[in-house]
Amino acid sequence: MARAPKRARKTPDDDGADRLSDLPDGILCHILTFLDTKYAVATCVLSTRWKDLFLSLPNIVLDDSLTRKRRNKKVLLEFAKFGLKQIMLRDVPHINKFGLRCNFNFKDPAIQTLVCAAIWRNVKEVDICVGKRVVTGILPPEVFTSRTLVVLKLRGRVKLDVPEFVSLPKLKVMLLGDFILASDDSMRRLFRGCKLLEDLSMSKCNFWLVDVLDLSTPLLRKLSFSYPCSIVETKLVIDTPNLEFFEYRGHTAKFNLVKKLKSLARAEIYFVTAPKLKNSFVEDHRENVSEFINKLCGVKSLYLSIDSLEAMYPGCFSLYVFETLTALELVGAFNLQILPSILESAPQLEVLIIPISWLIYHDARGEAPYSLPETVPVCLAKHLRNIKFKYFRALESVFQLVKYFLQNGKVMERMIFSGLGPWDSDLSLSARKKISMFPRCSETCEIVFEQY
């Protein structure tokens with residue numbers, strides 16, 4: 001005879017009371033804001049206490065993922081009807097955020113009605129992500145005339161055809177991903193209507209219809225921009241005197257920073273070139289790269305990819321001096337012969353991060369294929385305090401580099417070593433012991449081996 005299941009013992013606090021429902025409406029609504037709208041609405045079946053609570057939520061996030069197996073006109077209308085009802089019945093003075101994840105055709109009136117309804121309810125943030133495989137329509141003009149919109153995020157294969165009249169007086173953050181820009185004047189018209197824009201991100205947008213892309217706006221503080229992988233001939237113009245953060249991912253073909261970016265605090269540069277065209281492509285645009293980098297020479301923190309280094313330091317000779325640079329992170333398989341030029345180019349450098357596993361070694365035995373400078377660079381003698389070797393490799397050339405920094409770093413405070421993971425044997429006990437035995441110019445320098 002099977003035993004009856006044991007009853008769970010009641011704890012002193014387990015009196016069967018529904019303490020969750022006893023919480024104030026404000027706390028319950030805050031909890032529900034972390035759910036998509038369809039799940040927040042489903043809580044109405046829990047009890048009469050929860051019946052109309054979702055109507056007080058300031059955020060609406062609609063996701064059609066539950067309908068992906070049956071895409072037809074009827075399902076589309078049901079989805080749009082549900083979304084429209086949520087927007088119109090909300091018992092709030094305005095909607096904080098309207099999110100739409102949609103794989104239906106964006107040009108369908110039912111979908112565009114949802115966006116217009118959110119604009120009508122004085123929405124502050126719009127976050128739309130539509131299907132990326134096909135061109136799915138054009139944005140409704142109401143998006144460009146919102147008096148309350150602060151954040152606008154648009155992702156998907158949608159044509160960005162900006163109307164002549166744009167009025168977005170409160171817009172501060174804009175993200176565009178995978179969009180198709182309709183003309184040269186699209187961004188100009190857009191910027192004319194949003195004078196307070198501070199944060200702009202454009203990722204993998206299509207510029208085939210654009211000859212000159214003008215991203216000049218006076219109050220912009222943060223700009224993230226990436227070209228598509230294929231080479232295009234669009235010229236990028238940037239006149240942003242107050243820019244503090246600049247991220248650029250793309251080829252070195254045509255771009256123009258009108259003025260030096262004197263307010264720039266951090267830049268992340270990823271020059272991308274097709275492998276078959278790499279040498280000739282970089283060489284053909286050497287002058288353009290030089291002009292581009294010189295406009296960044298006032299930056300304080302810099303992140304550089306391998307292609308960026310090769311474009312900046314042809315033949316391993318120094319071309320640029322970053323007088324204000326205090327932090328530098330390198331990424332990619334760069335040649336160590338470039339390192340002396342890098343150190344000489346940054347006399348005020350305080351923090352340096354080097355990816356050891358991606359260094360290029362021309363000697364299979366790991367012997368140093370480069371010569372370290374006989375004259376100690378200014379940054380190493382006076383300012384360089386922290387160095388991190390990422391993805392450490394226990395090669396003789398690397399040990400020589402470490403030894404050089406320790407022997408010449410007069411103000412060095414910390415040198416950090418990190419491996420590829422917990423399985424990595426390059427940071428073995430013997431390697432750590434060898435590093436710890438190197439003489440140090442700075443008596444206060446601390447050697448740190450990061451654990452996983």
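None of the values given here were measured: they were computed from a predicted structure. (Residues numbered from 1 in each chain as written. Predicted model: local features only at pLDDT ≥ 70, side-chain atom pairs only at ≥ 80, totals over all residues. Heavy atoms only, no water.)

**Notes on the overall build of the protein**
So, point 1. A tally of regular secondary structure across the protein gives twelve helices and 20 strands.
So, point 2. Within the protein, the fraction of its 452 residues that count as buried is 50%.
So, point 3. Long-range contacts, defined here as pairs at least 24 residues apart, represent 63% of the contacts in the protein between residues at least 6 apart. (Helix = DSSP H or I, 4+ residues; strand = E, 2+ residues; numbered from the N terminus. Buried < 20%, exposed > 50% of the residue type's maximum accessible area, 1.4 Å probe, protein only. Contact = heavy atoms within 4.5 Å.)

**Quick word on the pattern of salt bridges**
So, point 1. Throughout the structure, instances matching the rule amount to 14 salt bridges.
So, point 2. Glu 164 serves as the salt-bridge partner of Arg 189, at 3.7 Å between the closest nitrogen and oxygen. Of this pair, Arg 189 sits in helix 5 (residues 185-192) while Glu 164 sits in the loop between strand 5 (159-160) and strand 6 (173-177), and the two are 25 residues apart along the sequence.
So, point 3. The class for Arg 189 is buried, based on a relative accessible area of 10%.
So, point 4. Taking relative accessible area as the criterion, Glu 164 reaches 63% and is therefore assigned exposed.
So, point 5. A salt bridge links Glu 446 to Arg 414; its shortest N-O distance comes to 3.3 Å. (Salt bridge = Lys/Arg side-chain N within 4 Å of Asp/Glu carboxyl O.)

**Things to note about the side chain of Ser 186**
So, point 1. Its place among the elements puts Ser 186 in helix 5.
So, point 2. The buried category is assigned to Ser 186, whose relative accessible area is 0%.
So, point 3. If sequence neighbours within four positions are ignored, Ser 186 has contacts with Leu 160 and Val 162.

**Some thoughts on the packing of aromatic side chains**
So, point 1. What the rule picks out here adds up to nine aromatic pairs.
So, point 2. When the ring of Tyr 270 is compared with that of Tyr 303, the centres are 5.4 Å apart and the planes differ by 40°; the resulting orientation is tilted. Linking Tyr 270 in strand 14 (residues 266-271) with Tyr 303 in strand 15 (residues 301-304), this pair joins segments that are 33 residues apart in sequence. The same class applies to Tyr 270 as to Tyr 303, namely buried.
So, point 3. Aromatic pair Phe 389 and Phe 417: ring centres 5.3 Å apart, planes at 15°, arrangement stacked. Of the two residues, Phe 389 is situated in strand 18 (residues 386-390) and Phe 417 in strand 19 (residues 414-417); the sequence distance between them amounts to 28 residues.
So, point 4. Judged by its relative accessible area of 0%, Phe 389 is buried. (Phe/Tyr/Trp six-rings, centres within 6.5 Å; stacked < 30°, edge-to-face > 60°.)

**Looking at unusual backbone geometry**
So, point 1. Positive phi, normally seen in glycine, also occurs at Asp 178, with a value near 65°.
So, point 2. Classification of Asp 178 as buried rests on a relative accessible area of 17%.
So, point 3. Positive phi is not limited to glycine here, since Lys 204 has a value of about 55°.

**Observations regarding the environment of Val 448**
So, point 1. For Val 448, the position within the fold is in strand 20 (residues 446-449).
So, point 2. Along the sequence, Val 448 and Lys 388 sit 60 residues apart, while their C-alpha atoms lie 9.3 Å from each other.
So, point 3. The contact partners of Val 448, leaving out residues within four places of it in the chain, are Arg 414, Met 415, Ile 416 and Phe 417.

**Let's talk about a nonpolar patch on the surface**
So, point 1. A surface patch of nonpolar side chains, amounting to about 320 Å² of accessible area, comprises Leu 84, Met 88 and Trp 120.
So, point 2. With respect to the helices, strands and loops of the structure, Leu 84 is situated in helix 3 (residues 73-89). (Patch = residues over 30% accessible without salt bridge, like charges linked within 9 Å, V, L, I, M, F, W, Y side chains within 5 Å. Areas by Shrake-Rupley, 256 points an atom, 1.4 Å probe, with all protein chains shown as cover.)

**A word on the pairing of strand 12 (residues 245-250)**
So, point 1. Counting buried residues along strand 12, five of its six residues qualify, which places the element largely inside the surrounding structure.
So, point 2. In this structure, strand 10 (residues 222-226) lies alongside strand 12, joined through five bridges in parallel fashion. Bridge pairing links Ser 224 to Glu 247 in strand 12. (Pairing = 2+ DSSP bridges.)

**Overview of helix 5**
So, point 1. Among the residues making up helix 5, those that are buried are Ser 186, Met 187, Arg 189, Leu 190 and Phe 191.
So, point 2. On its buried face, helix 5 sits against strand 5, strand 6, strand 7 (180-181), strand 8 (199-203) and strand 9 (212-214).

**Here's the deal with the confidence of the model for the protein**
Close reading of the predicted structure is inappropriate where its pLDDT is low.
So, point 1. Taken residue by residue, the protein gives an average pLDDT of 78. The fraction at 70 or more is 71%.
So, point 2. Across the protein, the secondary-structure element scoring lowest on mean pLDDT is helix 6 (residues 278-284), at 53, and the one scoring highest is strand 19, at 94.
So, point 3. Across residues 361-366 the pLDDT falls below 50, and counting only partners more than four positions away or on other chains, this stretch makes eleven contacts in the model. (pLDDT = per-residue confidence, 0-100.)

**Points about the state of the cysteines**
So, point 1. Counted under the stated rule, the structure contains zero disulfides.
So, point 2. You can see Cys 441 has no disulfide; the closest cysteine sulfur is in Cys 445, sitting 9.8 Å from it. (Disulfide = S-S within 2.5 Å.)

**Some words on helix 4 (residues 109-120)**
Given 3.6 residues to a turn, an α-helix orients residues that are three or four positions apart in the same direction.
So, point 1. The terminal C-alpha atoms of helix 4, which comprises twelve residues, lie 16 Å apart, in line with the 16 Å expected from a rise of 1.5 Å per residue.
So, point 2. Ala 110, Ile 111, Gln 112, Leu 114, Val 115, Ala 117, Ala 118 and Ile 119 are the residues of helix 4 that are buried.
So, point 3. Here the buried face of helix 4 lies against strand 1 (59-63), helix 3, strand 2 (97-102) and strand 3 (125-130).
So, point 4. The backbone nitrogen of Ala 110 lies 2.9 Å from a side-chain oxygen of the residue at the head of helix 4, namely Asp 108. (Expected span 1.5 Å × (residues − 1). Polar contact = N/O pair within 3.5 Å; in protein donor to acceptor, adjacent residues only side chain to side chain.)

**Here we look at the packing of helix 3 against helix 4**
For any two helices packed against each other, one specifies the crossing angle of their axes together with the interaxial distance.
So, point 1. Following both chains from N to C, one finds helix 3 and helix 4 inclined at 5°, their axes separated by 9 Å at the closest point. When the axis of helix 3 is compared with that of helix 4, the two are roughly parallel. Within the contact between the two elements, helix 3 uses Leu 76, Leu 77, Phe 79, Ala 80, Gly 83, Leu 84, Ile 87 and Met 88 and helix 4 uses Ala 110, Ile 111, Thr 113, Leu 114, Ala 117, Ala 118 and Trp 120.
So, point 2. Split by residue class, the contact of helix 3 with helix 4 holds 13 nonpolar, two polar and no charged. (Axes fitted to C-alpha atoms, helices over the stretch in contact; angles between N-to-C directions. Parallel < 35°, antiparallel > 145°, perpendicular 65-115°, else oblique. Nonpolar A, V, L, I, M, F, W, Y, C, P; charged D, E, K, R; others polar.)

**As for the packing of helix 11 (residues 396-408) against helix 12 (residues 429-436)**
So, point 1. In contact at an axis separation of 10 Å, helix 11 and helix 12 are set at 30° when each is read in the N-to-C sense. Considering only the axes of helix 11 and helix 12, their crossing is right-handed. Contact residues: helix 11 offers Glu 396, Phe 399, Val 402 and Leu 406, while helix 12 offers Ala 431, Lys 434 and Ile 435.
So, point 2. Grouping the amino acids of the contact of helix 11 with helix 12 by side-chain chemistry returns five nonpolar, no polar and two charged. (Left-handed = near helix turned anticlockwise from the far one by under 90°.)

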